[in-house]
Amino acid sequence: MAYSEKSVIYSAADFANSGQVFRELSREDKPCPARLAVFGDPIAHSLSPQMHNAALEVQAHEFQYVRILVTTEELGHALTDLSEAGFIGVNLTIPHKQAALEFVDEITDQARLMGSINTIAVTDGKLQGHNTDGPGFVIAVQETLQLKLSDQRVLILGGGGGAGRAISVQCALEGCPQIYVANRTLEKAEILSEQVEESLGKIITPISLVPEALENALESVNLIVHATSLGMKESDPSPIPDGLLTRNHFVYDTVYSGGKSALIRQAEAAGAKNANGLSMLLQQGALAYEIWLKEPAPVEVMRKAL
Ligand code: NAP
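> Got a minute to help me understand the site of the ligand in this structure?
What surrounds the ligand is a group of 22 residues, the closest being Gly162, Ala163, Asn183, Thr185 and Lys188. Take Lys188: an N or O atom from its side chain is 2.7 Å from an oxygen atom of the ligand. In this structure, a nitrogen atom belonging to the ligand sits 2.9 Å away from a main-chain N or O atom of Thr254. In the complex, 81% of the free accessible area of the ligand, which totals 920 Å², lies under the protein chains. If you map the ligand onto the pockets, it falls in the largest pocket. Elements that contribute at least two residues to the shell around the ligand include exactly helix H6 (162-174) and helix H10 (278-293). Tallied by class, residues from the shell around the ligand come to 10 nonpolar, nine polar and three charged.

Take a look at the structure:
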């Protein structure tokens, strides 16, 4: 990797002297300012810089993408200062996807319904909020499981969380014939269901994340999407009890933290086709890149970099 800054994590305070800090970076010993970033807390684990910097380099853009540790308290200031610091956009990750809504000037209709943004583009000093998680998921399911999302009967586990809600709304937008949303806090799934019906006229069935309700839903769906925070550690349990998956199910686990999650192990044991969340990470990133750069993303370069 030709980026000398790749292990550096900046902080929101760096915006105060951004004229210096973000222009001091170098690529192959040439100054190369930061114009793109991911904001999160924690942020050390983010794989986005390696994917985006590979793309920027191959398309000969003389700027780069950095990780910036931004706390909840700092988010408003960091976003307000983006334009002046010379940034053309940022990605947002935990815990900022919902909180950032109040700091942007415009937001797409889909992102508004999803209730979160993962991408901000800076245009003429204005911040535009987008959500590329949902559209990225559509492409990821097609390329990993060879499924056209619009034809699937879907159960989304953790559909009341940020990623789960984006995926659930996307399933409704695609016109999936059946959508169950299971969430530990049932009320969040119920609110989502009401909002989707009101905005899109589509039915989402909210259910509790408990064995009886899951067993019932699993009998009628073919695609199971996991979007709870469980599974980031290999020792985390699966939200689905053993013995309920069959070889006719397809499993997409949005978690991509290295080893196999308990859910993926269950899918393998049942003979069910499965995929982890790396493809969604790639595709949401490629869509964000296209929003910022207004040119096709070099997806294969980004995939290789991941
Ligand atoms: P989030 O907004 O904090 O949502 C967390 C979800 O997990 C909520 O539905 C929450 O239920 C549920 N949950 C948390 N602990 C649980 C437990 N012990 N048992 C059952 N449910 C539990 O987080 P997020 O940003 O949506 O991220 C969720 C997952 O999606 C993470 O694993 C992340 O890695 C993954 N993700 C992947 C991608 C990708 O590109 N592949 C992108 C974004 C996120 P309550 O509502 O009841 O709290």
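The structure having been displayed, the exposition proceeds.
> What am I meant to see in a negative patch on the surface here?
On the surface, Glu187, Glu190, Glu194, Glu197 and Glu198 cluster together to form a negatively charged patch. Among the structural elements, Glu194 can be located in helix H7 (residues 186-200). For Glu194, a relative accessible area of 54% gives the class exposed.

> Help me out: how do you make sense of the sheet that holds strand S13 (residues 223-226) in this one?
Whenever strands of a sheet pair, they do so through backbone hydrogen bonds, lying parallel or antiparallel. Pairing in this open sheet of six strands is parallel, and the strands run S12-S11-S10-S13-S14-S15 from one edge to the other. Looking at strand neighbours, the two that pair on one side only are strand S12 (205-208) and strand S15 (273-275), the edges of this open sheet. The mean inter-strand angle of the sheet, taken between neighbouring strand axes irrespective of direction, is 20 degrees. Bridge count for strand S10 (residues 153-157) against S13 is four bridges, and the pairing is parallel. What sits directly across from Leu157, in S13, is His226. Lying on the sheet, H7 is in contact with strand S11 (178-183) and S12; it crosses S12 at an angle near 180 degrees.

Parameters and conventions
Residues numbered from 1 in each chain as written. Predicted model: local features only at pLDDT ≥ 70, side-chain atom pairs only at ≥ 80, totals over all residues. Heavy atoms only, no water. Near = heavy atom within 4 Å. Polar contact = N/O pair within 3.5 Å; in protein donor to acceptor, adjacent residues only side chain to side chain. Areas by Shrake-Rupley, 256 points an atom, 1.4 Å probe, with all protein chains shown as cover. 1 Å grid on protein atoms, 1.4 Å probe; cavity = no way out; pocket = protein on both sides within 12 Å on 5 of 7 lines; lining within 4 Å. Sits in = over half its atoms within 2 Å of the grid points. Helix = DSSP H or I, 4+ residues; strand = E, 2+ residues; numbered from the N terminus. Nonpolar A, V, L, I, M, F, W, Y, C, P; charged D, E, K, R; others polar. Patch = residues over 30% accessible without salt bridge, like charges linked within 9 Å, V, L, I, M, F, W, Y side chains within 5 Å. Salt bridge = Lys/Arg side-chain N within 4 Å of Asp/Glu carboxyl O. Lys, Arg positive; Asp, Glu negative; His and termini not counted. Charge placed at Lys NZ, Arg CZ, Asp CG, Glu CD. Buried < 20%, exposed > 50% of the residue type's maximum accessible area, 1.4 Å probe, protein only. Pairing = 2+ DSSP bridges. Axes fitted to C-alpha atoms, helices over the stretch in contact; angles between N-to-C directions. Contact = heavy atoms within 4.5 Å.

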